Amino acid sequence: MNSKKPNIIAIINQKGGVGKTTTVVNLATAIAAVGNEVLVVDLDPQGNATTGFGIHKGRGLQSSYGVLLGLTDPREIIQNTYVNGLHIIASTIDLSAAEIELFPQKDRDSKLKQAISNLNYDYILIDCPPGFGLININALNASNRIIIPLQCEFYALEGLAQLFNTIQSVRNTINKNLIVSGILLTMYDRRNGLSSVVANDVRSHFKNLVFNTVIPRNVKISEASSYGKPVILYDVKSSGAISYIELAREFLSREVQ
Ligand SMILES: Nc1ncnc2c1ncn2[C@@H]1O[C@H](COP(=O)(O)OP(=O)(O)OP(=O)(O)O)[C@@H](O)[C@H]1O
Ligand SMILES: [Mg+2]
C-alpha cells in the first residue's frame, strides 16, 4: 500500500465562534473535490464538524475521544461522508473528559500525533476547540500547518499575540516543523466599515501571512450547517461557497511553493 505522509493542518484560534469549524468543513470539502484523500478530525466536544457533515451523534458512536487517549485505532472508526474522498473521525461529548484523563499521562502531548501521523491521506484537517487545553496542544504537536481564522470584528486582534506565543513555545519544545500557513479573515461584512478597518489592520501587522482570500459574512453558510451540509454542496453559487473554493486554491498553491 502506498504510504504517504499526510499534510496535517490544525484550524485553531482560542476564541470561540470565529469560523474554525466552518473553515474545516468547507476547506476539507473543496480540497477533496479536486481529487485529494482528506480526513477531518473533529477534536471539539461540541462536535460541530461532525454534525456539519450530517452525522448523527447517537449512542454508540465511536469518537476522537478513544483516538486521543490511545484506546481506539483510528482506522476502525473513520467514517465516510457523502463527499467523495472525504472521511471523518467524529466527536462526541465524552471528549470533554479527555483533558482530565490525559493530564496524568507522561506522553499526554503526543497522543494524537502517535495516532494519526501515519494515516494514509493527502490532507488531515483538525477542528480544534476554543481555548488552550491539552486537546489543542495535541493538535499543534500532530500538525505541520496551522490556519488561524480571524473574525473581522473589533476584538479580533486581542488574543492573537497569546496564540502566537503558544505556537512558538510548541515549536521550541515539541514540534519544530509547525508552520503558520495563514491567517484567514472570516465573516467580512462589506456594509460594515469596521470589517475593512480590522482587515487593513490585520494585513498591516501580518502582511503576507494573511490569505488574500477573505470569507464574507453569508447567510448561506449558517443555513448550510443547519442542514448538515458544507455550503459548497448546499449552494455552490453563494459568495460563501465561492470564497471557500478560492481559499482551497490559495492554500494548495502556498503548499507547492
Ligand atoms: N462567513 C460566515 N457567514 C455567516 N455565518 C458564519 C460564517 N462563518 C461562520 N458562521 C456561523 O457563525 C457561527 C460560528 O462559526 P463556527 O462554528 O465555524 O465557529 P468556531 O470558531 O468553530 O466556534 P467554536 O469556537 O464554538 O467551535 C456558526 O453558527 C456558523 O454557521
Ligand atoms: Mg467550532
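Everything below is about the structure shown above.
In this report, the structure presented in the accompanying data block is examined. None of these values were measured; they are calculated from a predicted model. (Residues numbered from 1 in each chain as written. Chains lettered and ligands numbered in written order. Predicted model: local features only at pLDDT ≥ 70, side-chain atom pairs only at ≥ 80, totals over all residues.)

Along the chain, P129 falls in the loop between β5 (123-127) and α7 (134-142). Judged by C-beta crowding, with 24 C-beta atoms within 10 Å, P129 ranks as buried. Along the backbone, P129 and P6 are 123 residues apart, and their C-alpha atoms lie at a distance of 22 Å. Beyond its immediate sequence surroundings of up to four residues, P129 is in contact with L43, D44, P45, Q46, I135 and N136. (Helix = DSSP H or I, 4+ residues; strand = E, 2+ residues; numbered from the N terminus. Buried ≥ 20, exposed ≤ 12 C-beta atoms within 10 Å, placed from the backbone. Contact = placed C-beta atoms within 7 Å.)

Moving on to the environment of R217. Relative to the assigned elements, R217 resides in the loop between β8 (210-216) and α10 (219-226). Note: C-alpha distance between R217 and G240 (23 residues apart in sequence) is 7.4 Å. Leaving out residues up to four positions away in the same chain, R217 has contacts with M187, Y188 and D189.

Once that is clear, we can look at the nonpolar core. Counting 73 residues, the largest nonpolar core has L27, A28, I124, L125, I126, A139 and Y244 as the members making the most contacts within it. Among the elements that line this core, the one with the most residues is helix α1 (residues 20-33), at seven residues. Residues contacting A139, with those up to four places away along its chain left out, are A10, I12, L43, L112, I126 and C128. (Core = buried A, V, L, I, M, F, W, Y, C linked by C-beta atoms within 7 Å.)

Counted residue by residue, strand β1 (residues 7-11) has four buried out of five residues, so it is predominantly covered. Here β1 runs beside β5; their pairing, made up of five bridges, is parallel. For N7, the partnering residue across the bridge sits in β5 and is Y123. For β1 and strand β6 (residues 145-151), the ladder comprises three bridges, and the chain directions are parallel. (Pairing = 2+ DSSP bridges.)

The mixed open sheet is built from eight strands, whose spatial order is β3-β4-β2-β5-β1-β6-β7-β8. Of all the strands in the sheet, the pair left with one neighbour each is β3 (79-80) and β8. Against the sheet, α1 engages β1, β2 (38-42), β4 (86-89), β5, β6 and β7 (179-188), with an angle of about 165 degrees to β5. The strands touched by helix α12 (residues 239-256) are β1, β7 and β8; relative to β8, the strand with the most contacts, the crossing angle is about 165 degrees. (Axes fitted to C-alpha atoms, helices over the stretch in contact; angles between N-to-C directions.)

What follows covers the pairing of β8. Note that β7 and β8 share three bridges and pair parallel. Residue pairing in the sheet places L185 in a bridge with V214 of β8.

Bringing helix α9 (residues 193-206) into the picture now. With 14 residues, α9 ought to run about 20 Å at 1.5 Å a step, and its terminal C-alpha atoms sit 20 Å apart, in line with that. Note on α9: the residue one or two positions beyond its end, K207, has a positive phi of about 50 degrees. (Expected span 1.5 Å × (residues − 1).)

Glycine aside, negative phi is the norm for most residues, and most peptide bonds take the trans geometry. Phi at M187 is positive, roughly 55 degrees, even though this residue is not glycine. Although it is not a glycine, K207 sits at a positive phi angle of roughly 50 degrees. By secondary structure assignment, the location of K207 is in the loop between α9 and β8. Here K207 falls in the exposed class, since 8 other C-beta atoms lie within 10 Å of it.

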